[in-house]
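# Coordinate analysis (summary)
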Amino acid sequence: MRCPYCGSLDDKVIESRTLGTGESIRRRRECLSCGYRFTSYERIEEKPFMVVKRDGRRQPFDRSKLEKGIARALEKRPISASMTENLVSEIEDSVFIRGRTMREIPTSELGELVLEKLHQLDKVAYIRFASVYRHFENLDEFITEVNKLEPK
């Protein structure tokens, strides 16, 4: 660590302390050349989790985009905000588990995961999300999807 006062690279750690949730470490240091004391912070730098779009582009995973899509599907449905929050958290956890090794997930997998969870929670929200996700273009596609929902 370079001394901010004299620029020397020789220092010693006087004290180390874990901060808050354990995500970073605060270190008090003393320069061995000039005696100046300073503080450094250390934290883990994680690779961002990526979403692979249909056209091959990669974007960082954005929880707020997931929340917006699910909120739009659940709009005016009898689902509480806490249930929606839990649903989004469940999906986010599943996404990170599925993409743990590659640190990425295709949008097709993400969309199917959302559909699966919405199907369990609310059939109307499921149809709303499916119509946008699967690009329904006519009434027949809606009817086919609704007929899949009806118990035989």
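## Concerning the layout of surface pockets
There is about 710 Å³ of room inside the largest pocket. Elements that contribute at least two residues to the lining of the largest pocket include exactly β5 (58–60), α1 (63–74), α3 (107–121) and α4 (123–133). Considering every element that reaches the lining of the largest pocket, the biggest residue donor is α1, with seven residues. Residues of the lining of the largest pocket, tallied by class, amount to 11 nonpolar, five polar and eight charged.

## Considering a nonpolar patch on the surface
Taken together, the side chains of L139, F142 and I143 define a hydrophobic patch exposed on the protein surface, amounting to about 280 Å² of accessible area. On the secondary structure map, L139 appears in helix α5 (residues 139–149). On the accessibility criterion, L139 (60% relative accessible area) is exposed.

## Re the sheet that holds strand β2 (residues 24–31)
Ordered in space as β1-β2-β3, the three strands form an open sheet in which the pairing is antiparallel. What marks the edges here is a single partner per strand, and that holds for β1 (11–19) and β3 (37–43). Averaged over all adjacent pairs, the angle separating strand axes in this sheet is 25°, with direction ignored. One ladder, built from eight bridges, connects β1 with β2; its direction is antiparallel. Paired with D11 across the two strands is C31, which belongs to β2.

## Re the nonpolar core
In terms of nonpolar packing, the biggest core is built from 25 residues, with L66, I70, I91, V95 and L118 touching the most fellow members. At the level of secondary structure, the elements contributing two or more residues to this core comprise α1, α2 (81–98), α3 and α4. For this core, the leading source of residues is α4, giving six residues.

## Brief notes about the packing of α1 against α4
Contact geometry for α1 and α4: axes closest at 8 Å, N-to-C directions at 125°. One finds that α1 runs oblique with respect to α4. Crossing of α1 over α4 shows right-handed handedness. Residues G69, R72, A73 and L74 of α1 form the contact with α4, whose own contacting residues are A125, R128 and F129. Split into classes, the residues belonging to the contact of α1 with α4 amount to four nonpolar, one polar and two charged.

## Description of the pattern of salt bridges
A side chain with one charge may pair with a side chain of the opposite charge, provided their charged atoms come close. Taken as a whole and assessed by the stated rule, the structure comprises 14 salt bridges. For E104, the salt bridge goes to R58, with nearest N and O atoms at 2.9 Å. Taken as a pair, E104 in strand β6 (residues 104–106) and R58 in strand β5 lie far apart in primary sequence, 46 residues in all. Residues E90 and K117 are paired through a salt bridge, measuring 3.3 Å at the closest nitrogen-oxygen approach. In this pair, E90 sits in helix α2 while K117 sits in helix α3, placing the two residues 27 residues apart along the sequence. E90 gets classed as partly exposed once you look at its relative accessible area, which sits at 39%.

Here is what the cut-offs are and how they apply
Residues numbered from 1 in each chain as written. Predicted model: local features only at pLDDT ≥ 70, side-chain atom pairs only at ≥ 80, totals over all residues. Heavy atoms only, no water. 1 Å grid on protein atoms, 1.4 Å probe; cavity = no way out; pocket = protein on both sides within 12 Å on 5 of 7 lines; lining within 4 Å. Points joined across faces, edges and corners; volume = space filled by probe spheres on them. Helix = DSSP H or I, 4+ residues; strand = E, 2+ residues; numbered from the N terminus. Nonpolar A, V, L, I, M, F, W, Y, C, P; charged D, E, K, R; others polar. Patch = residues over 30% accessible without salt bridge, like charges linked within 9 Å, V, L, I, M, F, W, Y side chains within 5 Å. Areas by Shrake-Rupley, 256 points an atom, 1.4 Å probe, with all protein chains shown as cover. Salt bridge = Lys/Arg side-chain N within 4 Å of Asp/Glu carboxyl O. Buried < 20%, exposed > 50% of the residue type's maximum accessible area, 1.4 Å probe, protein only. Pairing = 2+ DSSP bridges. Axes fitted to C-alpha atoms, helices over the stretch in contact; angles between N-to-C directions. Core = buried A, V, L, I, M, F, W, Y, C linked by side-chain atoms within 4.5 Å. Parallel < 35°, antiparallel > 145°, perpendicular 65-115°, else oblique. Left-handed = near helix turned anticlockwise from the far one by under 90°. Contact = heavy atoms within 4.5 Å.

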